[in-house]
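Below, each chain spelled out in residue letters.
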Amino acid sequence: MSNPTTTRTEPRRAGQMPGWIIWSQRVLITLVAAGGVLQPFIAGLFVTGNVGLLLVHVMIAAAMVFFGLLLVVATVLSWRPGHGPGRAVVAPVVLLSLILAQSALGAFRVLEIHFPLAFAIAGISIGLATRSWRSGDSRAVAAR
Ligand code: HEM
């Protein structure tokens, strides 16, 4: 007879999460946050005359979408098969949606929303990155 405390559907504790999933999430959210921090500086440079940096602004935006999408995939994997909490998927999905909206607003030059949304994205991604490096079990990470 199976022990009800060790069924396969029971959420794992942080220490049981595969280390590669925890590290993937940490690296990906850090890359998204780095993009969010860089974008205002790049924008400041291209609006003051260095027009070539607009292409860099677009490339960083594309990288943020790419890493944000991978972060959603990694977080889904932390839920199934990782047995982490399903609600953890919400924040990466919201963040990816905001980055996509931000890119569309930039492309259509809706700058009165594009500027403040950039700071919201930077704040959210820095917050998630900080949380990802603080949470999890370093022993589980180190063991893999
Ligand atoms: C998450 C951060 C950001 C993302 C993903 C993002 C993305 C984009 C994208 C995709 C475009 C369209 C570029 C084109 O079609 O040529 C754009 C345009 C623009 N962005 Fe951002 N952006 C971000 C942050 C910022 C910030 C913080 C500023 C300024 C403080 C800024 C200023 C601008 C400006 C002025 C344009 C219009 C450029 C033009 O007139 O051609 N962006 N942005």
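Residues numbered from 1 in each chain as written. Predicted model: local features only at pLDDT ≥ 70, side-chain atom pairs only at ≥ 80, totals over all residues.

Concerning the environment of isoleucine 22
Inclusion rule: For helices the rule is a DSSP run of H or I covering at least 4 residues; for strands it is a run of E covering at least 2, with both sets numbered from the N terminus onward. Exposed residues have 12 or fewer other C-beta atoms within 10 Å of their own C-beta, buried residues have 20 or more, and partly exposed residues fall in between, where C-beta atoms are placed from the backbone.
Among the secondary structure elements, isoleucine 22 is positioned in helix α1 (residues 19-47). For isoleucine 22, a count of 24 C-beta atoms within 10 Å corresponds to the buried category. Distance in space between the C-alpha atoms of isoleucine 22 and tryptophan 133 is 9.0 Å, their sequence separation being 111 residues.

Re helix α3 (residues 90-107)
Since the α-helix turns once every 3.6 residues, residues separated by three or four places project in the same direction. For the record, the criterion: Here the expected span of a helix is defined as 1.5 Å times the quantity of residues minus one. Relevant arc is that of directions from the helix axis to the C-beta atoms, nothing else. Remark: residues whose backbone-derived C-beta atoms lie within 7 Å of one another are considered to be in contact.
With 18 residues, α3 extends 26 Å between its outermost C-alpha atoms, agreeing within 8% with the 26 Å of an ideal straight helix rising 1.5 Å per residue. All of the buried residues in α3 are Pro92, Leu95, Ile99, Gln102 and Gly106. Buried residues of α3 fall within an arc of 85 degrees about the axis and therefore sit on the same side. Away from its buried face, by an angle of more than 90 degrees, α3 presents the exposed residues Val90, Val94, Ser97, Ala104 and Ala107. On its buried side, α3 packs onto α1, α2 (53-79) and α4 (111-134). Just beyond α3, the residue with positive phi is arginine 109, at close to 55 degrees.

Some remarks on the UniProt feature "transmembrane region" (unreviewed entry) in the protein
We count it as follows: UniProt positions are given in the numbering used here, feature names are shortened, and annotations may be inferred rather than shown by experiment.
Per the UniProt record, "transmembrane region" (unreviewed entry) is annotated on residues 20-42, 54-77, 89-107 and 113-130. End-to-end, the C-alpha atoms of residues 54-77 are 35 Å apart, and along that stretch the chain is 100% helix and 0% strand.

Focus: α1
Defined as follows: What we call the bend at a residue is the angle made by axes fitted to the seven residues finishing there and the seven residues starting there.
For α1, built from 29 residues, the straight-helix expectation of 42 Å at 1.5 Å per residue is met to within 8% by its first-to-last C-alpha distance of 42 Å. Of all bends in α1, the biggest is about 30 degrees, found at leucine 38, and the proline proline 40 comes one to four residues later. Two residues or fewer past α1, glycine 49 is found with a positive phi of approximately 125 degrees.

Quick word on the site of the ligand
Applicable threshold: We call a residue near a molecule or strand if the C-beta atom, set from the backbone, is within 6 Å of it. Each residue is assigned to one class: nonpolar for Ala, Val, Leu, Ile, Met, Phe, Trp, Tyr, Cys and Pro, charged for Asp, Glu, Lys and Arg, and polar for all the others, Gly among them.
In the vicinity of the ligand there are 21 residues, among which Pro40, Ala43, Ala61, Gly106 and Ala118 approach most closely. Listed by contribution, the elements that provide at least two residues to the shell around the ligand are α1, α2, α3 and α4. The class makeup of the residues in the shell around the ligand is 13 nonpolar, 7 polar and 1 charged.

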